[in-house]
Structures are given as structure tokens and as C-alpha cells.
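# Observations on chain architecture
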Amino acid sequence: MMVKLWRCMICGDAYIGEDIPTNCPFCGAHQAFFKEAKDAVVTFDVSLTDKDRANAEHAIEVEVSNATFYFCAAEKTDDAEGKMLFKALGKIEAEHAAIWRKVLRLDKAPAGNETCHVQNVNNLNESHERETKAIAFYKKAAEESDHDRLKQIFKALVEVETDHLHLSEARLK
Ligand SMILES: [Fe+2]
Ligand SMILES: [Fe+2]
């Protein structure tokens, strides 16, 4: 067995393993965004137009809000599998917030303040609503940006949030 060091081009974090993971364990980006770490150039140093800045500022708000909701749900939801699901989602949304924190050059992400539910089905419904909104927002932001790197991040996050939508859909059937 030969392990290698891989790097996700979306969040910039490195992963140790024999093969590229199907999804980044940190930000959920799809495997097409992985390169061997030694060959990967990842930057968050982008010059922002007013529109891109407004979208990045909205993005960090969305991600902090969703991370806070998911961590709340991981604590409160009345289903053992639901707790694991919401914790995993919370970690990924917190990583998304970190991407936007770097793009916006902030020292810290803003604090979130969200409530959640005890009944698992209510948390799944709220997850579905939040992910639907995030997908629509990231699609629009990708179209509005002329910056290759920002477009890449916005589009990659459309895919990740769509995966999240599928997780709640499978459980709400
Ligand atoms: Fe996200
Ligand atoms: Fe999500």
C-alpha cells in the first residue's frame, strides 16, 4: 500500500490516502478537484468586484447560518442517524464558511445564532429548504462572476449542496 498526499483545489486542505476520495472529507468537493499536493496550486487571493464581494459576503452568512443550524440539530434531533448526519453536514458547512473567510480576508467567521428542532423530520425539512436556497444562490453567483477561481468555487459548491439536498430527500421519502 502506497499512501499519497492529495489536495483539494476548492478548500485547499490536504488528504492522506491511497487514492483520491470520491468527495473531499473537509468541504465535500467532488474528486475532479483533487490533485497530488505537490502539483496543486490553490489560492484564495482574488481581487473582488463589488458584485463578487457582495456574493462572498452573502455566502459566508449562509454557510455560518447553515453550520450553526446543523450543529444545533446534531445535538437536539431525536434520531441516532440524524445526529451523525447533521454533525457531518455542520462540519462541511463550517469548512465552506472558512473558504469565504479566506476570500474575504477575515480573521474569524462571524458567529451564528440559529435554532433547530427536536423532531428529526422537521430538521430534515429545514435542511432541504436551506440547501435548496444555497444551491439557487451559488448558481446565480457563479453566473454573475467573471473570475475563474470564484466561478470554480461557486460551481463546486452547487454540486456539494446538491449532494446535501439528496441526503434529506432520501430520508423524507
Ligand atoms: Fe455549504
Ligand atoms: Fe449544504
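My aim in this report is to walk through the structure given alongside it, one point at a time.

Parameters and conventions
Residues numbered from 1 in each chain as written. Chains lettered and ligands numbered in written order. Predicted model: local features only at pLDDT ≥ 70, side-chain atom pairs only at ≥ 80, totals over all residues. Heavy atoms only, no water. Phe/Tyr/Trp six-rings, centres within 6.5 Å; stacked < 30°, edge-to-face > 60°. Helix = DSSP H or I, 4+ residues; strand = E, 2+ residues; numbered from the N terminus. Buried < 20%, exposed > 50% of the residue type's maximum accessible area, 1.4 Å probe, protein only. Lys NZ or Arg CZ within 6 Å of the ring centre and 35° of its normal.

Turning next to the packing of aromatic side chains. Tallied over the full model, the rule gives seven aromatic pairs. When the ring of Y15 is compared with that of F34, the centres are 6.4 Å apart and the planes differ by 75°; the resulting orientation is edge-to-face. Pair noted here: Y15 is in strand β2 (residues 14-17) and F34 is in strand β3 (residues 34-36), with a separation of 19 residues, a long-range link. By relative accessible area, F34 is classed as buried at 6%. Ring geometry for Y70 and F86: centres 5.9 Å apart, planes at 15°, overall stacked. Of this pair, Y70 sits in helix α1 (residues 50-76) while F86 sits in helix α2 (residues 80-103); the two residues are 16 residues apart in sequence, bridging distant segments of the chain. Accessibility classification places Y70 together with F86 in one group, the buried group. Ring pairs connect the aromatic residues W100, F137, Y138 and F154, which therefore count as one cluster. Positioned above the aromatic ring of F44 is the side chain of R149, whose terminal nitrogen or guanidinium carbon lies 5.1 Å from the ring centre.

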